[in-house]
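# Structure assessment
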Amino acid sequence: MKLLSSREFNRDVSQAKRLAQAEPVLITDRGQPTHVLMSMAEYRRLTGEAESILDLLALPEAVALDTAEASSEGAWDHREPVG
């Protein structure tokens with residue numbers, strides 16, 4: 001686990017975020033651990049929280065959705081039948 005003082009963290013937040021992509025970063029204040037910075041993926045792994053549809057829509061790259069399963073249950077198609 002990487003260790004940063006609160007002064008180092010405040011001086012270069014971008015560096016702390018880069019470090020947190022690889023491993024949690026322990027932030028200290030006057031030598032005492034006060035906070036942990038970690039990636040969202042690591043946080044979700046620890047808490048068991050899954051990504052929501054809003055998280056997926058906010059991603060910069062395209063995400064494959066399983067529309068076959070959803071449409072077979074009628075979850076995607078709410079049109080009235082024609083006829």
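In the block above lies the structure referred to throughout.
Please read all numbers here as calculations on a predicted model, not as lab measurements. (Residues numbered from 1 in each chain as written. Predicted model: local features only at pLDDT ≥ 70, side-chain atom pairs only at ≥ 80, totals over all residues. Heavy atoms only, no water.)

### Some thoughts on the overall build of the protein chain
- Within the protein chain one finds five helices and three strands.
- Taken from N to C terminus, the helices and strands of the protein chain fall in the order β-α-α-β-β-α-α-α.
- Residues classed as buried in the protein chain amount to 12% of the 83 residues present.
- The contacts in the protein chain between residues at least 6 apart in sequence include a share of 8% that link residues at least 24 apart.
- For the protein chain, the exposed area adds up to about 7000 Å²; of that, 54% sits on carbon and sulfur atoms. (Helix = DSSP H or I, 4+ residues; strand = E, 2+ residues; numbered from the N terminus. Buried < 20%, exposed > 50% of the residue type's maximum accessible area, 1.4 Å probe, protein only. Contact = heavy atoms within 4.5 Å. Areas by Shrake-Rupley, 256 points an atom, 1.4 Å probe, with all protein chains shown as cover.)

### A closer look at the pattern of salt bridges
- Evaluation of the coordinates by the stated rule reveals one salt bridge.
- The partner of Glu42 in a salt bridge is Arg45, and the shortest N-O contact between them spans 2.8 Å. Residue Glu42 and its partner Arg45 are both found in helix 3 (residues 40-47); the two are separated by three residues, about one turn of the helix.
- For Arg45, a relative accessible area of 57% corresponds to the exposed category. (Salt bridge = Lys/Arg side-chain N within 4 Å of Asp/Glu carboxyl O.)

### Re the environment of Arg18
- By secondary structure assignment, the location of Arg18 is in helix 2 (residues 13-22).
- Judged by its relative accessible area of 53%, Arg18 falls in the exposed class.
- In this structure, the C-alpha to C-alpha distance between Arg18 and Met38, residues 20 residues apart in sequence, is 9.7 Å.

### Re the sheet that holds strand 2 (residues 25-29)
- If you trace the three strands from one edge of the open sheet to the other, you get 1-2-3, paired in mixed fashion. Strands with a single pairing partner mark the edges of an open sheet, and in this sheet they are strand 1 (2-5) and strand 3 (32-37). Each adjacent strand pair in this sheet contributes to an overall mean axis angle of 35 degrees, direction not counted.
- As paired elements, strand 1 and strand 2 share four bridges and run parallel to each other. Residue pairing in the sheet places Leu3 in a bridge with Leu26 of strand 2. (Pairing = 2+ DSSP bridges. Axes fitted to C-alpha atoms, helices over the stretch in contact; angles between N-to-C directions.)

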